[in-house]
Amino acid sequence: MTTVAERSPATTSAETLARSGALLIRAARRDLLIGGEWRPARAGGTITTINPATEMALCAVAAADEGDVDQAVRAARAAFDDGVWSAMPPGERARLLWRIAELIDRDVEILAMLITLDNGKPLTEARGEAASAAEIFRYYSGWPTKLFGETNPANPGMVSMTVREPIGVCALIVPWNGPVASPAWKIAPALACGNTVVLKASEVTPLAALKLGELLLEAGLPAGVVNIVVGTGPVAGAALTSHPMVDKISFTGSTAVGMEIQRVAAATMKRVSLELGGKSACVVFEDADLDNAVTALAAGIFKNQGQLCIAASRMFVHERLHEAFAERLSQFAKAIRLGDPLAAETTMGPLVSKTQYDRVMGYIALGKEGGGSVRAGGDRGPQAQGYFVQPTVFADMDNGMRAVREEIFGPVASLIPFKDEDDVVRQANDTTYGLAAGVFTRDLGRAHRVSRRLKAGSVWVNCYNAVSPMAPFGGFKQSGVGRELGRYGLEAYTEVKTIAIKL
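Fair warning: this is a prediction, and the values are worked out from it, not measured in the lab.

Student: How do you make sense of the side chain of Asn304 when you look at a structure like this?
Tutor: Within the secondary structure layout, Asn304 lies in the loop between helix 11 (290–302) and strand 13 (314–318). Beyond its immediate chain neighbours, meaning those up to four positions away, Asn304 contacts Asn119, Lys121, Glu125 and Asn177.

Student: Sorry if this is basic, but what is going on with helix 7 (residues 181–192) here?
Tutor: Residue pairs three or four apart in sequence face the same way in an α-helix, which turns once every 3.6 residues. Taking 1.5 Å as the rise per residue, helix 7 with 12 residues should run 16 Å; its terminal C-alpha atoms sit 17 Å apart, in good agreement. For helix 7, a buried count of 12 out of 12 residues is recorded, marking the element as mostly surrounded by other parts of the structure. Within helix 7, the full set of buried residues consists of Ala181, Ser182, Pro183, Ala184, Trp185, Lys186, Ile187, Ala188, Pro189, Ala190, Leu191 and Ala192. Following helix 7 by one or two positions, Gly194 has its phi on the positive side, about 95 degrees.

Student: Quick question: what am I supposed to make of the sheet that holds strand 5 (residues 151–152) here?
Tutor: Hydrogen bonds between backbone groups are what pair the strands of a sheet, and the pairing can be parallel or antiparallel. Spatially, the three strands line up as an open sheet ordered 5-6-20, and their pairing is antiparallel. Every other strand in the sheet has two partners, leaving strand 5 and strand 20 (494–502) as the edge strands with one partner each.

Student: Help me understand the nonpolar core in this model?
Tutor: One recurring pattern in soluble globular proteins: nonpolar side chains tend to sit buried together. By size, the foremost hydrophobic cluster in this structure holds 138 residues, and its most contacted members are Phe137, Ile187, Met315, Phe325 and Leu329. If one sorts the elements of this core by residue count, helix 6 (residues 123–140) sits on top with nine residues. When neighbours within four sequence positions are excluded, Ile187 is seen to be in contact with Phe137, Leu172, Val197, Leu199, Leu212, Leu216 and Val226. Core analysis: the next-biggest nonpolar cluster, separate from the first, contains 29 residues, Ala281, Tyr387, Val404 and Ile416 among them.

Student: I would appreciate a short explanation of empty space enclosed by the protein in the present structure.
Tutor: Left-over empty space is what a probe sized like a water molecule reveals as it rolls over the atoms. Going through the model one piece at a time under the given rule, you end up with three cavities of 30 Å³ or more. One number sums up the size of the largest cavity: a volume of about 90 Å³. Forming the walls of the largest cavity are 15 residues, and the residues nearest its centre are Ala281, Arg314, Ala428, Ala436 and Lys455. Of the residues belonging to the lining of the largest cavity, the class tally is eight nonpolar, four polar and three charged.

Student: Whenever I open this one, the sheet that holds strand 17 (residues 436–440) confuses me. Can you help?
Tutor: Read from one edge to the other, the open sheet built from seven strands follows the order 14-15-16-13-12-17-18, with strand pairing classed as mixed. Each edge of the sheet is formed by a strand with only one pairing partner; in this case those strands are strand 14 (373–376) and strand 18 (458–461). If you compare each strand with its neighbour and ignore which way they point, the axes differ by 20 degrees on average. Across five bridges, the pairing between strand 13 and strand 16 (residues 412–418) is parallel. Note that in strand 16 the partner of Met315 across the bridge is Leu415. Packing against the sheet, helix 11 makes contact with strand 12 (281–284), strand 13, strand 15 (392–395), strand 16 and strand 17, and its axis sits at approximately 165 degrees to strand 17.

Student: Just checking my understanding: could you explain helix 11 for this structure?
Tutor: Given a rise of 1.5 Å per residue, 13 residues ought to cover 18 Å, and the 18 Å separating the end C-alpha atoms of helix 11 matches this to within 8%. Within helix 11, the full set of buried residues consists of Leu290, Ala293, Val294, Ala296, Leu297, Ala298, Gly300, Ile301 and Phe302. In this structure, the buried residues of helix 11 make contact with strand 12, strand 13, helix 12 (322–335), strand 15, strand 16 and strand 17. Between a side-chain oxygen at the N-terminus of helix 11 and the backbone nitrogen of Asp291 the separation is 3.2 Å; the capping residue is Asp289. Where helix 11 ends, the next residue or the one after it, Asn304, has phi of about 55 degrees, a positive value.

Student: Sorry, what's going on with the environment of Leu117 here?
Tutor: With respect to the helices and strands, Leu117 occurs in helix 5 (residues 108–119). Separated by 91 residues in the primary sequence, Leu117 and Ala208 place their C-alpha atoms 9.8 Å from one another. Every residue in contact with Leu117, bar those within four places of it in the chain, is listed here: Gly21, Ile25, Ile50, Asn51, Pro52, Leu58 and Leu342.

Student: Sorry, what's going on with the pairing of strand 10 (residues 248–252) here?
Tutor: Look at any regular strand and the pattern is simple: side chains alternate between the two faces of the sheet. By the criterion of burial, strand 10 is predominantly enclosed, with five of the five residues buried. Bridge count between strand 7 (residues 169–173) and strand 10: four bridges; the pairing is parallel. Across the sheet, Ala171 pairs through a bridge with Ile249, a residue of strand 10. Taken together, the five bridges between strand 10 and strand 11 (residues 271–275) define a ladder with parallel strand orientation. Looking at strand 11, one finds that Ile249 is bridged to Val272. Following the backbone out of strand 10, through helix 10 (residues 255–265) and into the adjacent parallel strand 11, one traces a crossover that is right-handed.

Rules of the game
Residues numbered from 1 in each chain as written. Predicted model: local features only at pLDDT ≥ 70, side-chain atom pairs only at ≥ 80, totals over all residues. Heavy atoms only, no water. Helix = DSSP H or I, 4+ residues; strand = E, 2+ residues; numbered from the N terminus. Contact = heavy atoms within 4.5 Å. Expected span 1.5 Å × (residues − 1). Buried < 20%, exposed > 50% of the residue type's maximum accessible area, 1.4 Å probe, protein only. Pairing = 2+ DSSP bridges. Core = buried A, V, L, I, M, F, W, Y, C linked by side-chain atoms within 4.5 Å. 1 Å grid on protein atoms, 1.4 Å probe; cavity = no way out; pocket = protein on both sides within 12 Å on 5 of 7 lines; lining within 4 Å. Points joined across faces, edges and corners; volume = space filled by probe spheres on them. Nonpolar A, V, L, I, M, F, W, Y, C, P; charged D, E, K, R; others polar. Axes fitted to C-alpha atoms, helices over the stretch in contact; angles between N-to-C directions. Polar contact = N/O pair within 3.5 Å; in protein donor to acceptor, adjacent residues only side chain to side chain. Right-handed = clockwise from strand over helix to strand, strands pointing away.

Take a look at the structure:
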C-alpha cells in the first residue's frame, strides 16, 4: 500500500494506479469495528461494493444486521458510561484528535484511492476530500479545551452557572457522496464534546470509512469510543435510529429519510440533527463578472459529478445575459474530460451506481420532454462500461418543471431567465429546499439585499461552495435541522445544564 502514497500523482499512469488499487482492495478492511475489534457480521452477511467506472465488483464487506448494530451501540454505551472518553482530560482528547488529522495526512493517497475506486470521483478530487477530512479533525482538536459554560446573574446568595456536557451515544449516518469527509464532519465534533459514536457508513462506498476506523484506533482512541458498521438503511439504519441506548442521531441524506428518522426518534425523544436535500438557487445578475460566474457555477454543478446536496443546479440568469452565459457554460461542459477517474487527464468520473445513473438519465429525459433546450450533453457517456453521464446544460428552463424543482444529484444544470430582482427572489425561494444559494453581481448593495432575502442556510457571493470548517453549514425548510461545522456544530453534540448553588 505504501507504493500508492509514495508515487508522484503527476507521473503515475492510470494503469499503474489500477494495479496499485487492486493490491489496496485486497488489503482493505472489510469487517465491522465494534468495541475496538474488527469482526465479521454475526449472520455472515456481506455487501459487494462496485467500481462505478468498470461495473466490476471490488470486494465484499460485512453487512450489519440488528444484532451487529446492538453490539455496536452497547459498546459505545459502555465506553461512555465508563467515562473512558468523556472523563478524559480535555487536553488529552485534543491531542488525540490532532493525531487523527496527522494520520489522515499521512495516508491521503490511500484514502483517495479507496474513495475513487468506490465512489468514482477523479483521484484529484478524492485527494482534496481526504485532505479536507484532516482539516476537520485538526479544527475540532482545538475545541475540547474551550467548551466553556457561563455564570449567570441570580438572586443574592446564589451562584447560577451552566456547563456543557456530552449527550452520550451518537448514531452518525452518512451518505455515499463524501466517503471520508462526511464521517469526519460528524465524528470530529462528537468526539470533541466527549461523546461516543456508532457510525453507519454507506453500503455503497464503505471502504474509506473503514480505513478511517483503522486510523482512529492507531491514534489511540479507547475501545468502543468509535464503532463502525456497514449496512442498508432499512436494516442497519433503522436498527440504529430506533435503538433505546442511542441518545443522538445525526443524519445526512435525503429529505424523505430524514422525515422518517424524525418520526422514529420522537418515540424516545432522541436529539436529532439533519442535513438533507437541496436545489440551490444561483442568481447571475446582468452586471456579474461573466467569466467568474461561469467558472464558479460550473464547478458548483459538475464537481463530484453533480452528486452534491449543494449542487448549483438552478441557475437563474438575467435575460440580458442568459444567452451569453448559456454559451459559455456549454463550452465549459463540452471541455470536461469524462473518463477513467484514475487517469490524470480526467476531470469527471462516473456516477456512483446504476441506481443513480438511471435516476439522472430519467431527469434528463424529463428536461427534454418539458421543452428545455439542450446546449451540452444530454446523454450517457461514450464509454462501453461504467455509469458515465455527460455534463449537461439545459437553457430556457422554467422554475415549474420537475427537472428544475426536484433534486437530481447529477451533472445537470438548468438555466432559467429572469427579469429583475423581485422576480428572481420570488422564483429562487419557490422551493421546499433551502440549503445553499449563490449571488453574482458587482453591486454591493444588491449583494447584501438579495443575500438577506434568499431563504438558504449558506449564501455565497461571487463564489460558490465556499465551505469552511469554521463556518456553520445547514439548511432552511426541508433541507434540514441544525448546523454542522464551526462552533455551531458543537451545539448538536452537547447538553446545557444549569447548576444553582445556594451560598
